[in-house]
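Each chain, letter by letter, is given below.
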Amino acid sequence: MKFQSVIQTLEAIAPLRLAEEWDNVGLLINPLRSRTMKKILLTIDLTESVADEAIAAKSDLIITYHPILFQSVNQLNADRAYDRTVMKLIQKNMAVYSPHTALDAVIGGVNDWLADGVGDGEVSILHPIENTDAGQGRLVELKRPVKLKTLAQRIKDHLGLKTLRLAPTAENTSIRTVALCAGAGTDAFQGIKADCYLTGEMSHHNILAATLNGSHVILCEHTNTERGYLPVFARLLEKALGSGIDVVISSEDADPISIG
């Protein structure tokens, strides 16, 4: 498939207009020489080891959920791993694309996948985007209230985790509403009252404020709320792109945090 056709398909799946204003989404590295797309590598973080994996596999395009180019770059120095990764990709004529918060916002995207693990209930958008059916964050109103322990087990099963970080309220009250946001959800939860907040990470003081205001908190670590979506994304791409393109999930991509 032609390169531009693949890019158009990606933008149709997660329109870039849905991304947050601060985000850097879309085609981040547009190679000098046009190439036919045969192999795509999916990853959450584009580290040097993931880049080496893509180069060794002769991938044509890396779709990285988190943008590798985010802040302004004034110089590239091969002594730094981040810079070296970008330099390798450019040298190998590798294309790089990031959907990030556009993929969070779209219906059927990362946040809807995360909401699937909460339980049976009505799902709505925390912060709708005007003139669209999409938006950032989700609110799940469960059909049947549950205790924190039950909800935590559902989330562990959905994300394939053995442990979570839990901050319960003093009374261990039942949970009927769950506000959630993949990654770091503090900003998405502002002005939202829910029995429980589910996200990857929050600061100590935000957690303390939430529990003192009567809301439980479930933290899964940042990329644990995102990486499990990659197989879903791969199936979407395979269906949209058709035969002839191999979509592979990186084996080098992993959460940088482990429990010791």
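The structure we're discussing is the one just above.
Conventions used here
- Residues numbered from 1 in each chain as written.
- Predicted model: local features only at pLDDT ≥ 70, side-chain atom pairs only at ≥ 80, totals over all residues.
- Heavy atoms only, no water.
- Axes fitted to C-alpha atoms, helices over the stretch in contact; angles between N-to-C directions.
- Helix = DSSP H or I, 4+ residues; strand = E, 2+ residues; numbered from the N terminus.
- Parallel < 35°, antiparallel > 145°, perpendicular 65-115°, else oblique.
- Left-handed = near helix turned anticlockwise from the far one by under 90°.
- Contact = heavy atoms within 4.5 Å.
- Nonpolar A, V, L, I, M, F, W, Y, C, P; charged D, E, K, R; others polar.
- 1 Å grid on protein atoms, 1.4 Å probe; cavity = no way out; pocket = protein on both sides within 12 Å on 5 of 7 lines; lining within 4 Å.
- Points joined across faces, edges and corners; volume = space filled by probe spheres on them.
- Buried < 20%, exposed > 50% of the residue type's maximum accessible area, 1.4 Å probe, protein only.
- Pairing = 2+ DSSP bridges.
- Right-handed = clockwise from strand over helix to strand, strands pointing away.
- Core = buried A, V, L, I, M, F, W, Y, C linked by side-chain atoms within 4.5 Å.
- Patch = residues over 30% accessible without salt bridge, like charges linked within 9 Å, V, L, I, M, F, W, Y side chains within 5 Å.
- Areas by Shrake-Rupley, 256 points an atom, 1.4 Å probe, with all protein chains shown as cover.
- Salt bridge = Lys/Arg side-chain N within 4 Å of Asp/Glu carboxyl O.

Undergrad: Can you help me understand the packing of helix 1 (residues 3-13) against helix 9 (residues 230-241) in this one?
TA: Helix-helix packing: each pair is described by the crossing angle between the helix axes and the interaxial distance. Running from amino to carboxyl end, helix 1 crosses helix 9 at an angle of 125°, the nearest separation of the two axes being 11 Å. By the criterion of interaxial angle, the relationship of helix 1 to helix 9 is oblique. The hand of the helix 1/helix 9 crossing is right-handed. Two secondary-structure elements touch here, helix 1 through Val6, Thr9, Leu10 and Ile13 and helix 9 through Phe233, Leu236, Leu237, Ala240 and Leu241. Among the residues forming the contact of helix 1 with helix 9, the class breakdown is eight nonpolar, one polar and no charged.

Undergrad: Any chance you could explain empty space enclosed by the protein here in plain terms?
TA: If you roll a probe as big as a water molecule over the atoms, it shows you where there is empty space left. Enumeration according to the criterion identifies one cavity of 30 Å³ or more in this entry. One number sums up the size of the largest cavity: a volume of about 40 Å³. Lining the largest cavity are Thr43, Ile44, Ile63, Tyr65, Pro99, Leu103, Val110, Glu226, Tyr229, Leu230 and Phe233. Split into classes, the residues belonging to the lining of the largest cavity amount to nine nonpolar, one polar and one charged.

Undergrad: Would you explain the pairing of strand 2 (residues 39-43) in this entry?
TA: Among the five residues in strand 2, four count as buried, and that is most of the element. In this sheet, strand 3 (residues 61-64) lies alongside strand 2 in parallel orientation, the contact comprising four bridges. Paired with Thr43 across the bridge in strand 3 is Thr64. Note that the unit made of strand 2, helix 2 (residues 48-56) and strand 3 has a crossover that is right-handed.

Undergrad: Looking at this structure, I do not really get the sheet that holds strand 4 (residues 95-98). What am I missing?
TA: As a general point, the strands of a sheet are linked pairwise by backbone hydrogen bonds and lie either parallel or antiparallel. Strand order across the open sheet formed by five strands is 1-4-3-2-11, with mixed pairing between neighbours. The sheet is open, and its two edges are formed by strand 1 (26-29) and strand 11 (246-249), each paired on a single side. Recorded for the sheet is a direction-independent mean angle of 25° between the axes of neighbouring strands. The sheet contact formed by strand 2 and strand 11 spans four bridges and is parallel. Looking across to strand 11, one finds that Lys39 is bridged to Asp246.

Undergrad: I tried to follow the nonpolar core on my own but got confused; where do I start?
TA: Proteins that are soluble and globular tend to have nonpolar side chains buried together. With 53 residues, the main nonpolar core has Leu10, Leu42, Leu61, Val118, Leu151 and Leu198 as its most contacted residues. With near-sequence residues (within four places) excluded, Leu198 lies in contact with Leu114, Val118, Ile155, Val178, Ala179, Leu180, Cys181, Phe189, Ile218 and Cys220.

Undergrad: Is there a simple way to think about the sheet that holds strand 6 (residues 135-146) in this case?
TA: Strand order in this open sheet of six strands is 5-6-8-9-10-7, and the pairing throughout is mixed. Both edges of this open sheet fall to strand 5 (121-128) and strand 7 (165-167), since each of them pairs with a single strand only. Between one strand axis and the next, the sheet turns through 20° on average, direction left out of account. Pairing of strand 6 with strand 8 (residues 175-184), which is carried by five bridges, proceeds in the antiparallel orientation. Note that in strand 8 the partner of Val146 across the bridge is Ile175. Running at roughly 125° to strand 6, helix 6 (residues 148-159) makes contact with strand 6, strand 7, strand 8, strand 9 (196-201) and strand 10 (216-219) of the sheet.

Undergrad: What's the story with a nonpolar patch on the surface in this structure? I'm lost.
TA: Taken together, the side chains of Val73, Leu76, Tyr82, Met87 and Ile90 define a hydrophobic patch exposed on the protein surface, amounting to about 420 Å² of accessible area. Summarising the element assignment, Ile90 is placed in helix 3 (residues 81-91).

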